[in-house]
Amino acid sequence: MRWLYRLQVLANALGGFLRYFVSHLSRLEKFVIAGLVGVIFIASVSLLVTISRSSDIQPVRGGSIIEGIVGRTQVINPLYSGNNPADRDISQLVFSGLVKLGRGREFLPDLAVSWEVLDSGKTYLFKLRDNIKWHDGEEVDADDVVFTIQVIQNEGYTGPLKNAWQGVEVTAMDSRTVRFALPNPSTFFLSQATVGIIPTHLFAHLPVANIGNPENNRQPVGTGPYQILDTIASKDALNLVANDNYYANRPFIDKIVVYFFDSEKSLLGALGSGTVTSASFSSLNDVNNLGLPNTRTYSYQLPQYKAVFFNALGGNPALSDKAVRQALASATDKQKIVQQVANGNAEVVDSPILPGFWGHLPDIKKYPLDFVAAREVLNRAGWKDVDKDGVMEKDNNRLAFTLSFKNDAAQSQIADILKSNWSAIGVEVTLNPVANEKLVDEVIRPRNYEALMFGQNLGSDSDPYVYWHSSQVQDPGLSLSVIADKDIDNNLEMARLSSDINKSISYYHKFQNAFANLVPAVLLYQPNFTYLVDAKVRGVTSEINLSNPSDRFLNVTEWYIKSRRSAQGIIETGLTDAPTQ
């Protein structure tokens, strides 16, 4: 073997070196030098073996994985998949956008090989790769991009992307060039350009209102690294195979079989029995005690947060008082919520711009748990328990409000903790659990609440404008804190309009400082996400700044099961191919 030959040469050289010193040095010098040479020899051997092993291993094509997913697919189409995790997972494998996110949420070429930003951020020009083909062999061109965006902008479109694309003009300059003209400059337009492109030749004959129907998406055709081979109706599963015509690196793993489950509990059981070889979870307790020694664990922070949003303009004088909101923040035991409700599988959040997003301010003003300080803030603002009933009053108004939330076990547990926390500083909290089917239409959309506990999913969007600007407080806006503040609004506006990312970041820092002072919401925690994968699958990494759980597949083309040592010609085989069911 080559590395053994290298060791022999090294040993001969060192032997000659030692003989020289034996004949020319004193006994003490010989002893010291011999020790040093021994250390060098051992280090060199270790280095050569490590280099030899790592450099000789080369991934090769072959093998399968069996992925377990909670839920069922409904519409495997990137224009409609945003609200269904199962649809998002499959769309991530099957479709491609003009650009894609890298591991650190940077933007990388995908269908577009390059792009230019013109007119100070108002015009984006994308150049498509040559010879891109759909899974059915048809060629991809600029008309497919234009068609996709025009579907989103059509009044018949009912998916979740419509608001983001209003006012954007899209034009095919030629078969390989697409131009987007924006109504205003945008530093963050590339996040929109990650949307998956759909084929004109399969959808152009349909009314836009029908494109999202499940029957028109049973055999989706995309340009991604995997394509759907068939469905397994009796097993609630899908077979996906590697796309041999993929324009980037063809995946090493030949097949991904996907099984669907009704709950994380049943999925965990399937992982333990070997029915599936990979599965993701949002509510695992201690993965070290699962009894899965041949499984690797990958943990991620999701771009989401749970928070209590205040309707400061809803007529309740208590919630319109900034001092009250600051006191509530100081009297919130976030760590207890993380430990008791999220089972420790979450991180405390203080900033509305999460870590990993452009503009995150790590040293934002925080409100550590301090009931004494919270009461002092209320007292200085004029709130006193005059009648000694345990509830503060001011100007004949009781410090009381109603907290609305989705009626499930976890939300109820959080609500109980909050009520206990806030009662300790003289706040009367009435809990209002709302049935899930009524929460959005009867509470959130009409902003029919005083305080609302809810979660927001930021996805890949680094622009917090839609979540916190006062223009977004009415439906269909996404700002759940009903409040108006010029410092928040002005900085969000300037950050969005700036064509310089560094200036945008400085405005975001100012926005977060204004947010910390105003406290339009009490942020609670950011959930973690766990992905368990058979140890034989290599290349999976937790070094990904997820925009959503489906981003665990961002580097799926680098995953491999089989490999070989080039110097020895030895092929290591991992998992066997999963049979088509």
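Residues numbered from 1 in each chain as written. Predicted model: local features only at pLDDT ≥ 70, side-chain atom pairs only at ≥ 80, totals over all residues. Heavy atoms only, no water.

Asker: Report on the overall build of the chain, specifying residues and quantitative values.
Answerer: Per the secondary structure count, the chain includes 17 helices and 23 strands. Classification of the 581 residues of the chain by burial places 49% in the buried group. When contacts within the chain are restricted to residue pairs at least 6 apart in sequence, those whose partners lie at least 24 apart make up 69%. Carbon and sulfur atoms make up 50% of the accessible area of the chain, which totals about 26800 Å². (Helix = DSSP H or I, 4+ residues; strand = E, 2+ residues; numbered from the N terminus. Buried < 20%, exposed > 50% of the residue type's maximum accessible area, 1.4 Å probe, protein only. Contact = heavy atoms within 4.5 Å. Areas by Shrake-Rupley, 256 points an atom, 1.4 Å probe, with all protein chains shown as cover.)

Asker: Go over the packing of aromatic side chains with me, naming the residues and quoting the values.
Answerer: A full pass over the atoms with the stated rule returns 19 aromatic pairs. Between tyrosine 300 and phenylalanine 529, the ring centres sit 6.0 Å apart and the planes meet at 40°, which makes this aromatic pair tilted. Of this pair, tyrosine 300 sits in strand β13 (residues 295–301) while phenylalanine 529 sits in strand β21 (residues 521–534), and the two are 229 residues apart along the sequence. Judged by relative accessible area, which is 3%, tyrosine 300 ranks as buried. Here the aromatic residues Trp115, Tyr124, Phe126, Trp165, Phe180 and Phe189 are joined through ring pairs into a cluster of three or more. Sitting above the plane of the tyrosine 465 ring, arginine 496 keeps its charged end 4.0 Å from the centroid. It is arginine 552 that lies over the ring of tyrosine 531; its NZ or CZ is 5.2 Å from the centre. (Phe/Tyr/Trp six-rings, centres within 6.5 Å; stacked < 30°, edge-to-face > 60°. Lys NZ or Arg CZ within 6 Å of the ring centre and 35° of its normal.)

Asker: How would you sum up the pattern of salt bridges? Please name residues and give values.
Answerer: By the definition in use, this model includes 18 salt bridges. The partner of arginine 72 in a salt bridge is aspartate 262, with the nearest N and O atoms 3.3 Å apart. Here arginine 72, found in the loop between β2 (64–70) and α3 (85–94), pairs with aspartate 262, found in the loop between β11 (255–261) and α9 (264–273); they are 190 residues apart in sequence, far enough to count as distant. Aspartate 262 gets classed as exposed once you look at its relative accessible area, which sits at 67%. Close ionic contact of lysine 406 with aspartate 408 constitutes a salt bridge, the shortest N to O distance being 3.6 Å. Residue classification places aspartate 408 among the partly exposed positions, given a relative accessible area of 25%. Put simply, Glu67, Asp89 and Arg552 are held in one network by salt bridges that share partners. (Salt bridge = Lys/Arg side-chain N within 4 Å of Asp/Glu carboxyl O.)

Asker: A description of the packing of helix α16 (residues 486–497) against helix α17 (residues 501–518) should follow, citing residues and the corresponding values.
Answerer: Angle between the axes and distance between the axes: these two values describe a pair of packed helices. Taken N-terminus to C-terminus, the directions of α16 and α17 make an angle of 160°; their axes are 8 Å apart at the nearest point. In terms of their interaxial angle, α16 and α17 are classed as roughly antiparallel. α16 and α17 meet at a crossing whose hand is left-handed. When α16 is examined against α17, the residues Asp487, Ile488, Asn491, Leu492, Met494 and Ala495 are found in contact with a partner set consisting of Ser504, Tyr507, Tyr508, Lys510, Phe511, Ala514, Phe515 and Leu518. A class-by-class count of the residues in the contact of α16 with α17 yields 10 nonpolar, two polar and two charged. (Axes fitted to C-alpha atoms, helices over the stretch in contact; angles between N-to-C directions. Parallel < 35°, antiparallel > 145°, perpendicular 65-115°, else oblique. Left-handed = near helix turned anticlockwise from the far one by under 90°. Nonpolar A, V, L, I, M, F, W, Y, C, P; charged D, E, K, R; others polar.)

Asker: How would you summarise the pairing of strand β7 (residues 169–174) if you had to cite specific residues and measurements?
Answerer: One ladder, built from five bridges, connects β7 with strand β8 (residues 177–181); its direction is antiparallel. When the sheet's bridge partners are listed, valine 170 is paired in β8 with phenylalanine 180. Hairpin connection of β7 to β8: two residues between the antiparallel strands. (Pairing = 2+ DSSP bridges.)

Asker: Requested: an account of the packing of helix α10 (residues 322–330) against helix α12 (residues 371–380), with residues and values cited.
Answerer: Taken N-terminus to C-terminus, the directions of α10 and α12 make an angle of 170°; their axes are 8 Å apart at the nearest point. When the interaxial angle is binned, α10 and α12 end up roughly antiparallel. The residues of α12 that touch α10, namely those facing Ala323, Val324, Gln326, Ala327 and Ser330, are Ala374, Val377 and Leu378. Its residues assigned to classes, the contact of α10 with α12 comprises six nonpolar, two polar and no charged.

Asker: With reference to specific residues and values, describe unusual backbone geometry.
Answerer: For aspartate 119, which is not a glycine, the phi torsion comes out positive at approximately 50°. Along the chain, aspartate 119 turns up in the loop between β5 (112–118) and β6 (123–128). Within the chain, serine 120 stands out as a residue other than glycine whose phi angle is a positive 55°. Here serine 120 lies in the loop between β5 and β6.

Asker: Describe in detail the sheet that holds β5, supporting the description with residues and values.
Answerer: Read across the sheet, four strands follow the order β5-β6-β8-β7 without closing on themselves; strand pairing throughout is antiparallel. Edge positions in the open sheet fall to β5 and β7, since each of these has one partner strand only. This sheet shows a mean twist of 20° between the axes of neighbouring strands, independent of strand direction. Sitting on the sheet, helix α4 (residues 142–153) is in contact with β6, β7 and β8, with an inclination near 170° to β7.

Asker: Now, about the nonpolar core: what can you tell me, with residues and values included?
Answerer: In terms of nonpolar packing, the biggest core is built from 73 residues, with Ile90, Phe126, Phe180, Ile211, Leu240 and Trp559 touching the most fellow members. It is α4 that provides the largest number of residues to this core, a total of seven residues. In this structure phenylalanine 126 touches Leu98, Val99, Ala112, Ser114, Trp115, Arg176, Thr177, Val178, Phe180, Phe189, Leu190 and Ala193, once residues within four positions along its chain are discounted. The next biggest cluster of nonpolar side chains, apart from the first, holds 39 residues, and it includes Ala329, Val341, Ile414 and Trp422. (Core = buried A, V, L, I, M, F, W, Y, C linked by side-chain atoms within 4.5 Å.)

Asker: Any details on the side chain of glutamine 456? Residues and values, ideally.
Answerer: With respect to the secondary-structure elements, glutamine 456 resides in strand β20 (residues 451–457). Residue classification places glutamine 456 among the buried residues on the basis of a relative accessible area of 6%. A distance of 2.8 Å separates polar atoms of two side chains, one belonging to glutamine 456 and the other to tyrosine 305. Here the side chain of glutamine 456 touches leucine 478 through a polar contact of 2.9 Å, landing on its backbone oxygen. Among all residues touching glutamine 456, those that are not within four sequence positions of it are Pro303, Gln304, Tyr305, Phe309, Tyr467, Trp468, Leu478 and Leu480. (Polar contact = N/O pair within 3.5 Å; in protein donor to acceptor, adjacent residues only side chain to side chain.)

Asker: Report on the pairing of strand β12 (residues 278–281), specifying residues and quantitative values.
Answerer: Every second residue of β12 is oriented toward a common face, with Ser278 and Ser280 on one face and Ala279 and Phe281 on the other, all of them buried. Strand direction decides the pairing type here: β12 and β21, joined by four bridges, are antiparallel. Across the sheet, residue serine 278 finds its bridge partner in β21, namely valine 533.

Asker: Lay out α9 in plain terms, naming residues and giving numbers.
Answerer: Of all the residues in α9, the buried ones are Leu267, Ala270 and Leu271. Along the axis of α9, the buried positions cluster into a sector of 100°, meaning they face one direction only. In α9, the exposed positions angled more than 90 degrees off the buried face are occupied by Lys265, Gly272 and Ser273. At the exit of α9 stands glycine 274, carrying a positive phi of roughly 85°. (Arc of directions from axis to C-beta.)

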